[in-house]
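Each chain, written out:
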Amino acid sequence: MIARTVHPQLLRDWARVSVEQLEILRGEINDLNVFPIPDSDTGSNMLFTMRAAAEAAEATPPDASLPEVGRALADGAVSAARGNSGIILSQVLVGLADGAEILGDTPSLTFAELATLGLRLGSLAATRAVSEPREGTVLTLVRVAAESAAAHESESAADLVRAIADDCAEALERTPEQLSVLADAGVVDAGGRGFLALLDSMVRVITGVSHRRRRYRGILTDSATLGHGVDDTCADGSDQDFEVMYLLDGAAGEQIAELRESLNRLGDAVVIVGDSSNGEGERFSVHVHTCEPGAAVEAGAGLGRLSEIRISCFALDAIRAQVDSSEPPPRRKRAVMAVVLGDGAAELFGEAGATVLRADDGLSAQALGQAIRDTDSAHVVVMANGALASQELVTVATEVRSTQRSVLMLPTSSMTQCLAALAVHDPSEVPDADAYAMAEAAAGARWGSLQLATTKMMTLAGMSDVGDILGLIGDDVLVVAPDQTSAGTALIDLMLATGGELVTVLAGIDVDDAALAAIAEQMRRSYPGIELAVYRTGQRSDLLQVGVE
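Per an unreviewed UniProt entry, the chain goes by DAK2 domain-containing protein and derives from Gordonia jinghuaiqii.

**Q** How would you explain the side chain of Glu392 if you had to name every residue and give the values?
**A** Turning to its location among the elements, Glu392 is positioned in helix α16 (residues 390-400). By relative accessible area, which is 8% here, Glu392 ends up buried. Reaching out from Glu392, the side chain makes a polar contact with the side chain of Arg26 at a distance of 3.0 Å. The residues contacting Glu392, other than those within four sequence positions of it, are Glu23, Ile24, Arg26 and Ala365.

**Q** Any chance you could break down the pattern of salt bridges for me, citing the residues and the numbers?
**A** When the charged atoms of two side chains lie near each other, side chains of opposite charge can form a pair. Applying the stated criterion to the full structure yields 22 salt bridges. Glu23 is the salt-bridge partner of Arg51, the closest N and O atoms lying 2.9 Å from each other. One end of the pair, Arg51, is in helix α2 (residues 42-58); the other, Glu23, is in helix α1 (residues 8-32), with 28 residues separating them in the sequence. Here Glu521 makes a salt bridge to Arg524, at a shortest N to O gap of 2.4 Å. With Glu521 and Arg524 both in helix α20 (residues 513-526) and three residues apart, the pair spans about one turn of that helix. By relative accessible area, Glu521 is classed as partly exposed at 31%. The exposed category is assigned to Arg524, whose relative accessible area is 56%.

**Q** Please provide a residue-by-residue account of the sheet that holds strand β8 (residues 406-409), values included.
**A** Reading across the sheet, the four strands line up as β6-β5-β7-β8 and stay open at both edges, with parallel pairing between neighbours. Since the sheet does not close on itself, it has two edges, and those belong to β6 (355-358) and β8, each with one partner. Put simply, the sheet's adjacent strands are angled 20° from each other on average, direction ignored. In this sheet, β8 lies alongside strand β7 (residues 377-383) in parallel orientation, the contact comprising four bridges.

**Q** So what's going on with the pairing of strand β16 (residues 544-548)? Residues and values would help.
**A** Along a regular strand, successive side chains alternate from one face of the sheet to the other. For β16, the buried fraction is high: five of the five residues fall into the buried class. The alternating pattern of β16 places Leu544, Val546 and Val548 on one face and Gln545 and Gly547 on the opposite face, and all of these are buried. Summarising the sheet, strand β9 (residues 446-452) and β16 pair through five bridges and their orientation is antiparallel. Across the sheet, residue Trp447 finds its bridge partner in β16, namely Gly547. Pairing between strand β14 (residues 502-507) and β16: five bridges, direction antiparallel. The partner of Thr504 across the bridge, within β16, is Gly547.

**Q** Tell me about a nonpolar patch on the surface, and please be specific about residues and values.
**A** Where nonpolar side chains cluster on the molecular surface, the patch consists of Leu460, Leu478 and Leu494 and spans about 280 Å² of accessible area. Tracing the chain through its elements places Leu494 in helix α19 (residues 484-495). Using a relative accessible area of 39% as the deciding quantity, one classes Leu494 as partly exposed.

**Q** Any chance you could break down the side chain of Ser85 for me, citing the residues and the numbers?
**A** In this structure, Ser85 sits in helix α4 (residues 83-103). Leaving out residues up to four positions away in the same chain, Ser85 has contacts with Thr42, Asn45 and Met46.

**Q** Which residues make up helix α3 (residues 66-80), and what are the values?
**A** Between its first and last C-alpha atoms α3 spans 21 Å; for 15 residues at 1.5 Å apiece the expected length is 21 Å, and the two agree. Counting buried positions along α3 yields 13 of 15 residues, so the element is predominantly enclosed.

**Q** With reference to specific residues and values, describe the sheet that holds strand β15 (residues 531-536).
**A** Strand order in the open sheet formed by six strands is β13-β12-β9-β16-β14-β15, and the pairing between neighbours is mixed. Across the chains shown, the open sheet's two edge strands, defined by having one partner strand only, are β13 (476-481) and β15. Direction aside, the axes of adjacent strands within the sheet are offset by 20° on average. Alignment of β14 against β15, held across six bridges, turns out to be parallel. Across the sheet, Val503 pairs through a bridge with Leu532, a residue of β15. Packed onto the sheet, α19 meets β9, β12 (469-473), β13, β14 and β16 and runs at close to 165° relative to β9.

Cut-off values and rules
Residues numbered from 1 in each chain as written. Predicted model: local features only at pLDDT ≥ 70, side-chain atom pairs only at ≥ 80, totals over all residues. Heavy atoms only, no water. Helix = DSSP H or I, 4+ residues; strand = E, 2+ residues; numbered from the N terminus. Buried < 20%, exposed > 50% of the residue type's maximum accessible area, 1.4 Å probe, protein only. Polar contact = N/O pair within 3.5 Å; in protein donor to acceptor, adjacent residues only side chain to side chain. Contact = heavy atoms within 4.5 Å. Salt bridge = Lys/Arg side-chain N within 4 Å of Asp/Glu carboxyl O. Pairing = 2+ DSSP bridges. Axes fitted to C-alpha atoms, helices over the stretch in contact; angles between N-to-C directions. Patch = residues over 30% accessible without salt bridge, like charges linked within 9 Å, V, L, I, M, F, W, Y side chains within 5 Å. Areas by Shrake-Rupley, 256 points an atom, 1.4 Å probe, with all protein chains shown as cover. Expected span 1.5 Å × (residues − 1).

This is the structure in structure tokens:
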């Protein structure tokens, strides 16, 4: 049974998973961003802010109390908040931190108590920070979360977080009814979508199960008119040309009302929040959209000391975001790109004819896009092998595709699927027929993996503890075992339950030789008619990757 009391590590885990989810959904959230201005940065700003909060929480001592970890989260977010969405997010974290401090770090504190008070305080703080709160924005979802927490306070932690997330998902669907600019664009609120991702992250941390949401693209328009371009207008949005942000130290609290009035006269989307994390009095984070950036900076300069001044021009950002279509013709006809992990994998996939892109230290959408351009090929087939979310792959393909270059993202989730696709790759075949054959081979390859459990969680195979070995088929944990040998052999048995002709094992750098030997003996003894191929690929993410064809 999941404990009801709150451990400080829960906040660290939640922040880490939230960053992971915002990284996956960044492109989707950016595409929803039409209010207060369609600058496509809400997902990026929320990710930047949450990452700073998570890093601050991880920097706390291992024995830090719940209020200390909560305050580190809040202070990290406020100090690094980017955009009005980031500032609002920081205030939600401030509310949670305030709630933890009010309730105190006691063994009897329940998650329901923290969630109920923290979300209520976060809703109030976020609403106070915005000069003109609007229904149909992230503020609405935060309020709904607080109300839902209060309504389900008597339930278990798992039931509570699921109820909060589901209630906010329903509220997100209603945001176009509350804000006309969302209805006109046929989208839900971008900040609300980001906040829902944070709630779903808590569901995953508490229950061990991820909630699969639909892709929030368009809801009121057909697929040909989803999203928005850089020249689209936003009738209810901002008419300002610049976004101005800075930190203000040394100002008296009573002067902030004066600053807010001055900025409201100069522009809109005014958000001002306080932060006492620097130990030298209160620091205020200031945000405004304006046509007079100099005057907006001067308004704060007259009240105290400014730092980290950031001024961005919406029109210039839009121009920079456009893809240059004047590129020269490519020198090569075709390339197949494989994203891999490990030295052995780079060698293996290179020998198989792929252009190799290493992702041992992570992979950004920008890096993948540049690598595709660097192939200098007219037709590029890309197998990202789970290194990026499907939404980001679609975004990359859209950005790098041109009249000179076609790009096809093959839906491979693992290196074993990629290897199956490369096995049927025929450079002499016409591109479309070759790509179809590769996609068919990848889809027909079942894949699994062995991973080391780094957190305690509930899985489909039961409760796992830190240090256990997890056997996954796809994204589902179906094996929990104390060692690699028993986990590996159990995973092979599950994957071959429906048959197969070839088992491919990609061995990571941390896999035990005993586990590989046990799998080889198991195949010889129990599956003599099935071929086994083992490659030492050296990835650090998975102990083993297993493919069955």
